[in-house]
Amino acid sequence: MPGDEGARAEVLARIRAALSTGASAPAGIPRGYRTGTGMATAALIELLTERLHDYGTGVRRCPADGLAQAVREALAERGARRIVLPHALTLDGPGPDGVEFVADDGLSPEALDATDGVITTAALAIAETGTIVLDGGPGQGRRALSLVPDYHLCILHASQIVGIVPQALERLAPGRPGTWISGPSATSDIELDRVQGVHGPRTLEVILVGA
């Protein structure tokens, strides 16, 4: 319609005018928000653990050489028998008795759902919000791994914990697929009945290495 063409021309003219004056790159944006906490690693660990517990997330702490044992204990308590591992994730030491590790080679959603859970690493964690962030890096796998299986065991190193969101954004690479997890998947209906497992695992457990 003629009116539509006129409106389109006006919008494009305004865009060209803004670009010609450099308005597309505003300067002097205020940065008055916090960019750090000044908290020591031990304090960050305690705060993250508290937040994760608030969300109903299990937390296990282990020394750097105790990861394999922590994994064995977690899977034994869970009663897991078939666990998916993403590419580039290897676990030192003997595997848990009776547990089959299944490599993810593009497993279908149905195949993922038929397993007992998944083990991944993480990109980092945010102590103040109790958030675990995955970005598809080594040992994290594709997004489906953290959404389809009913149990997610996440390996996190103490050095990966930051205090607040701005610190996390500084570490994360722009453009990578981010999955931000704050506790097990859950939602509440209009009567505030909480239901877990709606859009991801019902059970999230974190192993804090070096904590």
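Only a predicted model underlies this, so the values are computations on that prediction, with no experimental measurement involved.

Rules behind the numbers
Residues numbered from 1 in each chain as written. Predicted model: local features only at pLDDT ≥ 70, side-chain atom pairs only at ≥ 80, totals over all residues. Heavy atoms only, no water. Helix = DSSP H or I, 4+ residues; strand = E, 2+ residues; numbered from the N terminus. Buried < 20%, exposed > 50% of the residue type's maximum accessible area, 1.4 Å probe, protein only. Contact = heavy atoms within 4.5 Å. Areas by Shrake-Rupley, 256 points an atom, 1.4 Å probe, with all protein chains shown as cover. Core = buried A, V, L, I, M, F, W, Y, C linked by side-chain atoms within 4.5 Å. Salt bridge = Lys/Arg side-chain N within 4 Å of Asp/Glu carboxyl O. Pairing = 2+ DSSP bridges.

A. Structural context of the overall build of the protein. Scanning the protein for helices and strands turns up five helices and twelve strands. Within the protein, buried positions represent 37% of all 211 residues. Summarising the internal contacts of the protein: among those between residues at least 6 apart in sequence, 70% fall at separations of at least 24. Summed over all atoms, the accessible surface of the protein reaches about 11700 Å², with 54% contributed by carbon and sulfur.

B. Representation of the nonpolar core in the model. Leu 48, Ile 132, Leu 156, Ile 161, Val 206 and Leu 208 are the most contacted members of the largest nonpolar core, which totals 19 residues. In terms of residue count, helix α2 (residues 41-54) provides more of this core than any other element does, five residues in total. Core analysis: the next-biggest nonpolar cluster, separate from the first, contains 17 residues, Ala 70, Ala 74, Ile 207 and Val 209 among them.

C. Fine view of the pattern of salt bridges. Under the criterion given, the structure shown has ten salt bridges. Of the charged contacts in the structure, one is a salt bridge between Glu 77 and Arg 60, with a shortest N-O distance of 2.6 Å. In this pair, Glu 77 is assigned in helix α3 (residues 67-78) and Arg 60 in strand β1 (residues 58-62), connecting sequence segments 17 residues apart.

D. Spatial organisation of the pairing of strand β7 (residues 151-157). When you tally the buried positions in β7, you get six out of seven residues, the bulk of the element. Sheet analysis places strand β4 (residues 117-121) next to β7, joined by four bridges and oriented parallel. Counterpart to Val 118 in the pairing with β7 is His 152. Two elements, β7 and strand β12 (residues 203-209), share seven bridges in a ladder whose sense is parallel. Bridge pairing in β12 places Ile 155 opposite Ile 207.

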